[in-house]
Amino acid sequence: MNSSPAGRLIIISGPSGAGKSTVLSQLLQNCPLPLQMSVSATTRAPRPGEIDGQDYFFLSHERFAELREAGEFLECKEVFGLGYWYGTLRDPVATGVNAGKWVILEIDVEGALDVMESDLNPITLFLHPGGMDELERRLRDRNTETDAQIAARLATAETEFQSISRYQYPIINDHVDRAVDEICSILLQYRDC
Ligand SMILES: Nc1nc2c(ncn2[C@@H]2O[C@H](COP(=O)(O)OP(=O)(O)O)[C@@H](O)[C@H]2O)c(=O)[nH]1
Ligand SMILES: Nc1ncnc2c1ncn2[C@@H]1O[C@H](COP(=O)(O)OP(=O)(O)O)[C@@H](O)[C@H]1O
């Protein structure tokens, strides 16, 4: 018998550069819930400082395709139309939720819509940077992508904003601390449900 309280699935989406990683790392440190990040698999190259198995599982295209064909992904998508795949592995998510964790999927809108249609009943949040100018500034200041990659991210952002109404909670990340507090308050409302 499993005596742990039930875990939850949480989805956070939002355009690249909105501040998802920044906000989530503070949320994990400051919100008194058993939160756990889902580690996605991707075929994109690691950025300097990113650690395999911690930030992502960095896979070859061949290995990713094998796992996809074997049905190992809860969802997977080619994001930004640049040939790079991203996917959520089923097993670690199920293991986390069964152990009472509140597992956070930081995934794109297309993948999120797939999970919303499943019977997993996720809590869904969309992080918004405030405006396109601010988004571009954050992407340029982050200095991790080429101009072409930034352009692809901005084009995808325009499309992603059109799906904001599919999420339960739109969050404006104007100040990191404020956004973290807002998200934590929302999640705490579900603690006794
Ligand atoms: N569908 C899906 N999208 C993912 C997954 N992991 C990451 N993403 C999305 O892929 C996009 C790019 O992520 P990344 O390459 O880390 O760049 P960043 O968002 O600019 O930091 C973001 O929109 C993520 O939310 C996943 O497992 N599935
Ligand atoms: N509220 C904020 N105000 C200003 N800059 C921010 C804010 N949140 C995040 N940033 C910065 O914006 C850039 C993109 O943030 P990041 O967390 O990498 O976004 P994402 O994970 O959504 O792609 C980073 O350089 C980060 O330091």
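Calculation criteria
Residues numbered from 1 in each chain as written. Chains lettered and ligands numbered in written order. Predicted model: local features only at pLDDT ≥ 70, side-chain atom pairs only at ≥ 80, totals over all residues. Near = placed C-beta within 6 Å. Helix = DSSP H or I, 4+ residues; strand = E, 2+ residues; numbered from the N terminus. Nonpolar A, V, L, I, M, F, W, Y, C, P; charged D, E, K, R; others polar. UniProt positions renumbered as here; feature names shortened; annotations may be inferred. Buried ≥ 20, exposed ≤ 12 C-beta atoms within 10 Å, placed from the backbone.

(A) Inspection of the site of ligand 2 at higher detail. Taken together, 15 residues sit near ligand 2, with Gly19, Lys20, Ser21, Thr22 and Arg138 positioned nearest. Elements with a minimum of two residues in the shell around ligand 2: α1 (20–30) and α5 (132–142). Residues that form the shell around ligand 2 fall into these classes: two nonpolar, eight polar and five charged.

(B) Layout of the UniProt feature "binding site: ATP" (unreviewed entry) in the protein. Per the UniProt record, the feature "binding site: ATP" (unreviewed entry) sits at Gly14, Pro15, Ser16, Gly17, Ala18, Gly19, Lys20 and Ser21. Mapped onto the elements of the fold, Ser16 is located in the loop between β1 (8–13) and α1. Taking the number of C-beta atoms within 10 Å as the measure of exposure, Ser16 has 24 and is therefore buried. Mapped onto the secondary structure, Ser21 falls in helix α1. For Ser21, a count of 14 C-beta atoms within 10 Å corresponds to the partly exposed category.

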